[in-house]
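If you want the building blocks of each chain, they are given just below.
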Amino acid sequence: MKKFATWNVNSLAVRLPQLLDWLAAHPVDALVLQETKLTDDKFPTMEIGEAGYQVQWFGQKTYNGVALITRERAENVVKNIPGLPDEQARVIAGTVGGVRVIGGYFPNGQAPGSDKFAYKMNWLDGLRRWLADELRAHEQLVLMGDFNIAPEDQDVYDPVAWAGQIHCTTEERAHFQALLNLGLTDAFRLFEQAPKSWSWWDYRNLAFRKNQGLRIDHILVSEALKQRVTACEIDKQPRRNERPSDHAPVIVTLAD
DNA sequence: ATGCCCAATTTGATTGGA
């Protein structure tokens, strides 16, 4: 059995104790982090190493930043998207136990029509082009992270209020579908799930307590890997912590 | 109500997140 997971920690400096607790309770073969918000020199490699994990990391000051935490050494590590010049640290990939693991912090996009939205669209174009190559090179592949896209209305607590808003636009959803069209499957939807399953809840408005959220953190698996998936779940527990991230981890379980 | 909370830097104010 293998487990892969993704978690937007919204500042690893703040969330490191929670990360170490979580890893102790949930041993995984690979975990990708987003929004570490740390320059490379500040990354807590020692603490993660002492927890029994190897780690690859790629960050910047204040914003973004990703990491790939693994039991076994990750091979052929790639940072950001080849062929897409990008100032922002958003992607880290490596091969672990024969599986290509890609972690991404997709751009937020802020608002349709904004410069940041245009950047998001261009980034998604670049990601899709690279993913097509990666899928040709790696039969077993998982793409996971904070997609900042709610794929369907069932992934939104109030689809009417969110219609056309960021994370829910037709353009973003078309990009999500384009990733699926490459031969990827949303692992979460392989299984019956409770209605109103979210991976993110706004810090404001008591949103977690009222369960008002979005499902924007995803795990997409290639056809070969899909055959091995036995479970996929969102772990809401860390969202109940004191000083939680606004995102919850998503975990996929695979047969050997 | 271009607001609420949270994190980080530009710090007792602003920007970005989602």
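A brief look at the structure comes next. The structure displayed is predicted, hence computed values, not measured ones.

## Notes on the pattern of salt bridges
Logical step 1: Under the criterion given, the structure shown has 10 salt bridges.
Logical step 2: The salt bridge involving Arg 128 is made with Asp 125; its shortest N-O contact spans 3.2 Å. Here Arg 128 pairs with Asp 125, and both are found in helix α3 (residues 115-137), just three residues apart, close to one helical turn.
Logical step 3: With a relative accessible area of 24%, Asp 125 lands in the partly exposed category.
Logical step 4: For Arg 215, the salt bridge identified is with Asp 186, shortest N-O distance 2.8 Å. Residue Arg 215 is located in the loop between β11 (213-214) and β12 (217-222), and its partner Asp 186 is located in strand β9 (residues 184-186); the two are separated by 29 residues in the primary sequence. We note that Arg 215, like Asp 186, is buried.
Logical step 5: Linked through salt bridges whose partners overlap, the residues forming this network are Asp 155, Asp 186, Arg 189 and Arg 215.

## Side note on α3
Logical step 1: Taking 1.5 Å per residue, 23 residues should reach 33 Å; α3 reaches 33 Å between its end C-alpha atoms and fits that length.
Logical step 2: Among the residues of α3, those classed as buried are Phe 117, Lys 120, Met 121, Trp 123, Leu 124, Gly 126, Leu 127, Trp 130, Leu 131, Ala 132, Glu 134 and Leu 135.

## Details of the sheet that holds β12
Logical step 1: In space, the six strands of this open sheet follow the order β5-β6-β7-β8-β12-β9, with mixed pairing throughout. The strands lining the two open edges of the sheet, one partner per strand, are β5 (75-79) and β9. Direction aside, neighbouring strands of the sheet carry axes that sit 20 degrees apart on average.
Logical step 2: Alignment of β9 against β12, held across three bridges, turns out to be antiparallel. Across the sheet, Asp 186 pairs through a bridge with Leu 220, a residue of β12.

## So, the layout of surface pockets
Logical step 1: In this structure, the largest pocket encloses a volume near 610 Å³.
Logical step 2: Residues that form the lining of the largest pocket fall into these classes: eight nonpolar, 10 polar and eight charged.

## Details of helix α1 (residues 12-25)
Logical step 1: The first and last C-alpha atoms of α1 sit 18 Å apart over 14 residues, in line with the 20 Å expected at 1.5 Å per residue.
Logical step 2: Most pronounced at Gln 18, the bend in α1 amounts to some 35 degrees.
Logical step 3: Buried positions along α1 lie against β1 (2-8), β2 (30-34), α2 (45-50), β4 (66-70) and β14 (250-254).

## Comments concerning the protein's contact with DNA strand B
Logical step 1: Ser 11, Asn 108, His 167, Trp 200 and Asn 205 are the nearest of the 24 residues found near DNA strand B.
Logical step 2: When the atoms of DNA strand B within 4 Å of the protein are grouped by moiety, sugar and phosphate amount to 63% of the total.
Logical step 3: Contact distances for DNA strand B include 3.1 Å between a phosphate oxygen and a side-chain N or O atom of Arg 15.
Logical step 4: Between DNA strand B and Arg 204 there is a distance of 3.4 Å, counted from a sugar or linking oxygen to a backbone nitrogen or oxygen.
Logical step 5: Of the residues that constitute the surface near DNA strand B, the class distribution is seven nonpolar, 10 polar and seven charged.

## Some thoughts on the nonpolar core
Logical step 1: Of all hydrophobic cores here, the largest spans 31 residues; its most connected members are Phe 4, Val 101, Val 142, Ile 219 and Val 252.
Logical step 2: Of all the secondary-structure elements, those providing two or more residues to this core are β2, β4, β6 (91-96), β7 (99-105), β8 (141-146), β12, β13 (229-234) and β14.
Logical step 3: Beyond its immediate chain neighbours, meaning those up to four positions away, Ile 219 contacts Phe 4, Thr 6, Val 142, Leu 143, Met 144, Thr 185, Asp 186, Ala 187, Val 250, Ile 251 and Val 252.
Logical step 4: Membership of the second largest hydrophobic core comes to 23 residues, among which are Ile 102, Trp 123, Leu 141 and Phe 176.

## Thoughts on the pairing of β1
Logical step 1: The buried fraction of β1 amounts to six of the seven residues, a majority that puts the element mostly inside the structure.
Logical step 2: As judged from the five bridges shared by β1 and β14, these two strands associate in the antiparallel manner. The residue of β14 that forms the bridge with Lys 3 is Thr 253.
Logical step 3: In this structure, β1 lies alongside β2, joined through five bridges in parallel fashion. Residue pairing across strands places Thr 6 opposite Val 32, the latter belonging to β2.
Logical step 4: In the classification by handedness, the crossover that spans β1, the intervening α1 and the parallel β2 is right-handed.

Definitions and limits used
Residues numbered from 1 in each chain as written. Chains lettered and ligands numbered in written order. Predicted model: local features only at pLDDT ≥ 70, side-chain atom pairs only at ≥ 80, totals over all residues. Heavy atoms only, no water. Salt bridge = Lys/Arg side-chain N within 4 Å of Asp/Glu carboxyl O. Helix = DSSP H or I, 4+ residues; strand = E, 2+ residues; numbered from the N terminus. Buried < 20%, exposed > 50% of the residue type's maximum accessible area, 1.4 Å probe, protein only. Expected span 1.5 Å × (residues − 1). Pairing = 2+ DSSP bridges. Axes fitted to C-alpha atoms, helices over the stretch in contact; angles between N-to-C directions. 1 Å grid on protein atoms, 1.4 Å probe; cavity = no way out; pocket = protein on both sides within 12 Å on 5 of 7 lines; lining within 4 Å. Points joined across faces, edges and corners; volume = space filled by probe spheres on them. Nonpolar A, V, L, I, M, F, W, Y, C, P; charged D, E, K, R; others polar. Bend = angle between axes of the 7 residues up to and from the residue. Contact = heavy atoms within 4.5 Å. Near = heavy atom within 4 Å. Polar contact = N/O pair within 3.5 Å; in protein donor to acceptor, adjacent residues only side chain to side chain. Core = buried A, V, L, I, M, F, W, Y, C linked by side-chain atoms within 4.5 Å. Right-handed = clockwise from strand over helix to strand, strands pointing away.

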